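This is what each chain is made of:
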Amino acid sequence: MKPQFSFLYNGERITSVSLTPRVSGSDYIYAIDDRLTVTAHLTEYPESDACHWVLTFENRGQENTAVIADILDCDALLPLDPPAPPRPGFMPKPGSLCVISMNGCVFGKQQYDSDDRASAEEFGLCHVYLDVRGQRRSYSFANVGGRSSNGTMPFFDVTASGAGYIVAVGWTGDWKADFAGRDDGVQVCTGLQNTGFYLEPGEKLRTSSILIMAYAAGEDKYNKFRRLIRNHFSHTACTPATREGLLAYELWGGLPSNEMKRRMTALAEHGACFEDVWIDAGWYGNCTVCDDPYTGDWGRYTGDWRVNERVHPGGLTDVAETAAGGDMRLMLWIEPERAVAGTPVTVAHPEWFFTLPGGSNCLVNYGIPEAQDYIFNLIAGYVEKLNLSCYRQDFNMPITAFFEAADAPDRRGISEIRHITGLYELWDRLLARFPGLIIDNCSSGGRRIDIETLSRAIPFFRSDYQCAFNEEAEVLQTHNAGISRYLPFNGCTTKTKNDLYNIRSSYSSSWGGAFWNGIIQNLDEKELDRAAAITHEYRRIRGYLSRDFYSHGSNVFDPSSWAVWQYHDPEKKAGVVLAFRRCESPFDRVTINLRGVAADQRVTVENLDTGEITTGSAAVTITLPDKRSSVILEYREA
């Protein structure tokens, strides 16, 4: 597939199929007039039947361009052979022309911290049919509030008769995706939600990227896409990082340094082998009460990134030294894009920030080089000073209104484009400066997940639902079953310390223990030993958790069912099964046929709970006599 796109130029729709490009390597270069040049950089992945392109708009002339509007970075017909539309009055049947979308993180009145069922909808799939009662239909999707996976994830499965395409939009701001049914397939149009600007002489910018992967009927489409992400659009493929994920122990940032050191030492002495010591919010500014996340005034100091010396008189360097003594390194939480009005940098450099009338939050403008440099030097300083293994970036506000207020009427979209591409530049600079550094992409949980962020960072905190002390394990299970369809690298944590069923429900390719992070929590000797056992169990299986994923049980919030996950490494011809009998399931056993293993292949299975080893067929029976219980089985071909 060649790049296919369109946009309005001076009110006229320009389409790539009507233009003849000059091809230079992987670049398709289109001269629109004596000022505007559009370059589409195409990358093909033939082993995955996939292609990716991104557009760059440049003014090479001496005067402003005409207005460029309604940019559709992808405007392509995806050929499909759908069955005949259902007759009037009949619902679509399986195999009908369909778009499968994925829910992003909940927003608005549905809150993760008060409604388990609402939160369990995160990362769930929604089907919309483009053939309904004899009519072709169109559907539109978009995220909400300027964060790319808020409301809807930018991943879509366009399918008919079992074949189709997975389409992923690469933009960490406001995107849109429109799908229209045609007799010969689906017209797909994706791009930024709000564009209408001219370019000044010499001005150059990029817009969203698009990734399209084709699959045939009967093909393992989701694992095909997981491998594509793992091999070409992940932090391990696109950065110098060698670690696939994080194994982090959380400390609340307002916990005094001496208490931090005591807890790290106790865990290390009991053999809890974490790799990262995660210092979360509350470590900065001049708060007077900040020793737990739920009380105190720490939040109003966001933007004042000086270490609070009242809580950390050693500036956290002594904490870093204690971590190193336990063969760990720090990961530090910072929310650099947001600053509360009145913090020192907002007073010293108000020109660096987007603001709204009467608002208390300010947004750093990454489109201003000096502002981006300030943030880069801030983060780089802490990476060097504290020898960070991971920079944990959070971002806790919607931003669309800031950009809309800043743009001139004939420059709509410029502020957002400069800010989002500035974010990419910032992360790329950090990764170049500190090879091996991992960036944790948190944004009130997983609200900034797209192929651009995946290629630079890990969504370690895929949902803020994990913030609760009494999280429901079944919600964590539904999150994992949903997001694992597409993402080999993602993360989850738990604050539970005694509930093995809950802890195992949170296992992902990155995992964090938050069971002794705040002043209100404690661990006794038995619990410290249990923490050590959990880290050893997780280390044993973690290598499988980014490989092929199969769900053999329920993918929804249903207490009467089982959840059963299989992670299979085809190179090692081995894998792991995590099985959960939920709290209301009347069934004490289930039989699964291992995927990725030939039906006549014998396998050796070890029960990690009992140590029992058996050899048999690829049809594995799992027995759990007790409700709300779990087991982990490791297998390999015999």
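Residues numbered from 1 in each chain as written. Predicted model: local features only at pLDDT ≥ 70, side-chain atom pairs only at ≥ 80, totals over all residues. Heavy atoms only, no water.

Participant: Please give an account of the overall build of the protein that cites residues and values.
Facilitator: From N to C terminus, the protein includes 13 helices and 37 strands. The C-alpha atoms of the protein give a radius of gyration of 25 Å, which matches the 26 Å a tight globule of 638 residues would have. Principal-axis analysis of the C-alpha atoms gives the protein an extent of 75 × 65 × 45 Å. Here the protein holds 638 residues, and the buried ones make up 61% of them. Accessible surface, the protein as shown: approximately 23900 Å² in total, 49% of it carbon and sulfur. (Helix = DSSP H or I, 4+ residues; strand = E, 2+ residues; numbered from the N terminus. Rg over C-alpha atoms; globule rule 2.2 N^0.38 Å. Buried < 20%, exposed > 50% of the residue type's maximum accessible area, 1.4 Å probe, protein only. Areas by Shrake-Rupley, 256 points an atom, 1.4 Å probe, with all protein chains shown as cover.)

Participant: Give me the lowdown on the sheet that holds strand β22 (residues 338–340), citing residues and values where you can.
Facilitator: If you trace the three strands from one edge of the open sheet to the other, you get β22-β24-β23, paired in antiparallel fashion. If you trace the sheet from one side to the other, it starts and ends with β22 and β23 (353–354), each paired once. Across two bridges, β23 lies against strand β24 (residues 361–364) in antiparallel orientation. Looking at β24, one finds that Phe 353 is bridged to Val 364. (Pairing = 2+ DSSP bridges.)

Participant: Pulling in residues and values, what's your account of the environment of Asp 73?
Facilitator: Along the polypeptide, Asp 73 turns up in strand β7 (residues 68–79). A relative accessible area of 0% means that Asp 73 is categorised as buried. When the C-alpha atoms of Asp 73 and Met 397 are compared, they prove to be 27 Å apart, with 324 residues separating the residues in sequence. Among the polar contacts listed, one links the side chain of Asp 73 to the side chain of Ser 208, at a separation of 2.5 Å. (Polar contact = N/O pair within 3.5 Å; in protein donor to acceptor, adjacent residues only side chain to side chain.)

Participant: Any chance you could break down the nonpolar core for me, citing the residues and the numbers?
Facilitator: If you look at the biggest cluster of nonpolar residues, it comprises 86 residues, and the most contacted ones within it are Trp 283 and Tyr 507. In terms of residue count, the dominant contributor to this core is helix α7 (residues 369–386) (nine residues). If we skip the residues at most four places from it in the chain, Trp 283 touches Gly 253, Gly 254, Trp 305, Arg 306, Val 307, Asn 308, His 312, Leu 316, Leu 332, Trp 333, Ile 334 and Tyr 382. Listed in part, the 49 residues of the second largest apolar core include Val 99, Phe 156, Ala 177 and Val 186. (Core = buried A, V, L, I, M, F, W, Y, C linked by side-chain atoms within 4.5 Å. Contact = heavy atoms within 4.5 Å.)

Participant: I'd love a proper account of the sheet that holds strand β27 (residues 438–441), names of residues and values included.
Facilitator: With parallel pairing, seven strands are arranged side by side in an open sheet as β27-β25-β21-β20-β19-β29-β28. Because the sheet does not close on itself, it has two edges, and the strands there are β27 and β28 (491–494). Each neighbouring strand pair of the sheet contributes to a mean axis angle of 25°, computed without reference to strand direction. Alignment of strand β21 (residues 329–334) against strand β25 (residues 390–393), held across four bridges, turns out to be parallel. Each bridged residue has a counterpart across the sheet, and for Met 331 the counterpart in β25 is Cys 390. The sheet contacts of helix α4 (residues 257–269) involve β19 (247–251) and β20 (276–279), and relative to β19 the element is tilted by about 145°. (Axes fitted to C-alpha atoms, helices over the stretch in contact; angles between N-to-C directions.)

Participant: Can you tell me about a nonpolar patch on the surface, naming the residues and giving the values?
Facilitator: Together, Tyr 294, Phe 469, Ile 519 and Ile 520 give the surface a local cluster of nonpolar side chains, amounting to about 390 Å² of exposed area. Within the secondary structure layout, Ile 520 lies in the loop between β29 (510–513) and α13 (525–541). Owing to a relative accessible area of 55%, Ile 520 belongs among the exposed residues under this scheme. (Patch = residues over 30% accessible without salt bridge, like charges linked within 9 Å, V, L, I, M, F, W, Y side chains within 5 Å. Salt bridge = Lys/Arg side-chain N within 4 Å of Asp/Glu carboxyl O.)

Participant: Account for the packing of aromatic side chains, with residues named and values stated.
Facilitator: A full pass over the atoms with the stated rule returns 36 aromatic pairs. Ring geometry for Phe 155 versus Phe 225: centroids 6.2 Å apart, planes at 80°, classification edge-to-face. In this pair, Phe 155 is assigned in strand β13 (residues 152–160) and Phe 225 in helix α2 (residues 221–232), connecting sequence segments 70 residues apart. For the pair Phe 155 and Phe 225, one class covers both residues: buried. Seen from their ring centres, Tyr 501 and Phe 580 are 5.8 Å apart, and the 80° between their planes marks the pair as edge-to-face. With Tyr 501 in helix α12 (residues 500–505) and Phe 580 in strand β32 (residues 574–581), this residue pair connects regions lying 79 residues apart in the sequence. Its relative accessible area of 1% is what places Phe 580 among the buried residues. Three or more aromatic residues joined by ring pairs make a cluster, and in this case those are Tyr 249, Phe 274, Tyr 507, Trp 511, Phe 515 and Tyr 538. Looking at Arg 392, its charged tip hangs above the ring of Phe 461, at a distance of 4.9 Å from the centre. (Phe/Tyr/Trp six-rings, centres within 6.5 Å; stacked < 30°, edge-to-face > 60°. Lys NZ or Arg CZ within 6 Å of the ring centre and 35° of its normal.)

Participant: Can you explain the packing of α4 against helix α5 (residues 317–325)? Please cite residues and give values.
Facilitator: Running from amino to carboxyl end, α4 crosses α5 at an angle of 5°, the nearest separation of the two axes being 10 Å. Comparing their axes, α5 and α4 come out roughly parallel. Two secondary-structure elements touch here, α4 through Ser 257, Met 260, Lys 261, Met 264 and Thr 265 and α5 through Asp 318, Val 319, Thr 322 and Ala 323. Of the residues assigned to the contact of α4 with α5, the class counts are four nonpolar, three polar and two charged. (Parallel < 35°, antiparallel > 145°, perpendicular 65-115°, else oblique. Nonpolar A, V, L, I, M, F, W, Y, C, P; charged D, E, K, R; others polar.)

Note that every value here comes from positions in space, so none of it alone points to a role or purpose.
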